[in-house]
Amino acid sequence: EGYLRCCTIGTQTGVIPEILIQITGSNRAFITRTFLSVTLAYDLPFVLNAGGVENEWFKVWRKLYEFGYSAPQVEVRPCWVAKDVKTSCADWRLTTYRKASSGETVIAVCSFGETAKGTVDFSTAGQGPFRCTDFETGAEIPSSGGKVSLEIKKHDFRLLLVSEQR
């Protein structure tokens, strides 16, 4: 992970990183989601696709752009930046996309380990009570006291949309 921060991200020089990727083989859907897990955690949206990246990549990033990613009203806090959102799982990396004007936050919960269960605590990320949905599907995710319990497969991710109920 240190390599990603030092050599790939480029924030220390103001360079926008672009990753050249080519996926081959029969397990392209899993590899695409694994790649998404890393790029979401480290806020790496630009890819030179040499082939094989599944439509899932474009679908996820399109939804984030529609939410307001890259616009001034959305604050992005990648996994290495301190934030109000916490997790109980040491192998999960969290990136938040906060739109203060609407009280909404997208949380990318990215697995860098084996399949695991854990909690994501967003209780201090705004004014509760909160509503939590799956950002990819829109399905409601039960939450209690600003926390959700999740199970994430090895090297996969979940995108949570947390809304303040004003």
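Residues numbered from 1 in each chain as written. Predicted model: local features only at pLDDT ≥ 70, side-chain atom pairs only at ≥ 80, totals over all residues. Heavy atoms only, no water.

Digging into the state of the cysteines
Here, the word disulfide means a covalent bond between the sulfur atoms of two cysteines. For the record, the criterion: Defined by distance alone, a disulfide is two cysteine sulfur atoms within 2.5 Å. Buried residues are those whose accessible area, probed at 1.4 Å on protein chains only, stays under 20% of the maximum for their type, while exposed residues exceed 50% and partly exposed ones sit between those limits.
Under the definition given, this model contains zero disulfides. Left unpaired, Cys 79 is separated from the closest cysteine sulfur, that of Cys 110, by 7.7 Å. On the accessibility criterion, Cys 79 (16% relative accessible area) is buried.

Here we look at the nonpolar core
We count it as follows: Definition used in this section: a nonpolar core is a set of buried Ala, Val, Leu, Ile, Met, Phe, Trp, Tyr and Cys residues joined via side-chain atoms within 4.5 Å. Each helix is a run of H or I in the DSSP string that is no shorter than four residues. Each strand is a run of E no shorter than two, and both are numbered from the N terminus. Two residues qualify as a contact provided that any one of their heavy atoms is within 4.5 Å of a heavy atom in the partner residue.
Core analysis: the largest hydrophobic core is formed by 26 residues, its most contacted members being Leu 40, Trp 61, Leu 64, Tyr 97, Val 106 and Leu 159. Here this core takes five residues from helix H3 (residues 55-67), the largest share from any one element. Dropping the residues within four chain positions of it, Trp 61 is found in contact with Leu 36, Thr 39, Leu 40, Asp 43, Leu 44, Pro 45, Tyr 69 and Tyr 97. If you look at the next biggest cluster of nonpolar residues, it comprises 18 residues, including Cys 89, Cys 132, Val 148 and Leu 150.

Topic: the environment of Val 38
Take Val 38: it is sitting in helix H2 (residues 28-41). Residue Val 38 is classed as partly exposed on the basis of its relative accessible area of 25%. When the C-alpha positions of Val 38 and His 155 are compared, they lie 8.4 Å apart, and in sequence the two are 117 residues distant.

Considering the packing of H2 against H3
Note the cut-off: The axes used here are C-alpha line fits, helices contributing only the stretch in contact, and every angle between their N-to-C directions lies in the interval 0 to 180 degrees. The scheme is simple: roughly parallel for angles under 35 degrees, roughly antiparallel for over 145, roughly perpendicular for 65 to 115, oblique for anything else. Under this grouping Gly is polar, as are all residues other than the nonpolar Ala, Val, Leu, Ile, Met, Phe, Trp, Tyr, Cys and Pro and the charged Asp, Glu, Lys and Arg.
Two elements in contact, H2 and H3, have axes whose closest approach is 9 Å; the angle formed by their N-to-C orientations is 30°. As far as their axial angle goes, H3 and H2 are roughly parallel. When H2 is examined against H3, the residues Thr 32, Arg 33, Phe 35, Leu 36, Thr 39 and Leu 40 are found in contact with a partner set consisting of Glu 56, Trp 57, Val 60, Trp 61 and Leu 64. For the contact of H2 with H3, a count of residues per class yields seven nonpolar, two polar and two charged.

Here's the deal with the side chain of Asp 134
Which entries qualify depends on this criterion: Counting of polar contacts relies on pairs of N or O atoms within 3.5 Å, with two restrictions inside protein: one atom must be capable of donating a hydrogen and the other of accepting it, and residues adjacent in sequence are counted only when both atoms are side-chain atoms.
Of note, Asp 134 is situated in strand E8 (residues 130-134). With relative accessibility at 10%, the residue Asp 134 sits in the buried group. Side-chain polar atoms of Asp 134 contact the backbone nitrogen of Glu 136, separated by 2.8 Å. Not counting the four nearest positions on each side in its chain, Asp 134 is found in contact with Ala 139, Ile 141, Arg 158 and Leu 159.

Considering the confidence of the model for the protein
Applied cut-off: pLDDT is a residue-level measure of predictor confidence that goes from 0 to 100.
With 86% of its residues at a pLDDT of at least 70, the protein reaches an overall mean of 87. Of all helices and strands in the protein, the one with the weakest mean pLDDT is helix H1 (residues 2-8) (57), whereas strand E9 (residues 147-152) scores best (97).

Brief notes about H3
Test applied: How far a helix is expected to stretch is found by multiplying one less than its residue total by 1.5 Å. This arc corresponds to the set of directions leading from the helix axis out to the C-beta atoms.
With 13 residues, H3 should reach 18 Å at 1.5 Å per residue; the first-to-last C-alpha distance of 18 Å fits that figure. Three or more residues of H3 are buried, namely Trp 57, Val 60, Trp 61, Leu 64 and Phe 67. Buried residues along H3 cover an arc of 110° about the axis, so they all sit on one side. Facing away from the buried side of H3 by more than 90 degrees, the exposed set consists of Asn 55 and Glu 66. Looking one or two places after H3, you find Gly 68, whose phi comes out positive at around 130°.

Quick notes on the sheet that holds strand E5 (residues 92-99)
Inclusion rule: Strand pairing is assigned whenever DSSP detects at least two bridges linking the two strands.
As summarised here, the arrangement of the five strands in space is E3-E5-E6-E10-E8, forming an open sheet in which the pairing is antiparallel. The sheet is open, and its two borders are formed by strand E3 (74-77) and E8, each paired with just one other strand. Put simply, the sheet's adjacent strands are angled 20° from each other on average, direction ignored. In this sheet, strand E10 (residues 157-164) lies alongside strand E6 (residues 104-111) in antiparallel orientation, the contact comprising seven bridges. Paired with Ala 108 across the strands is Leu 159, a residue of E10.

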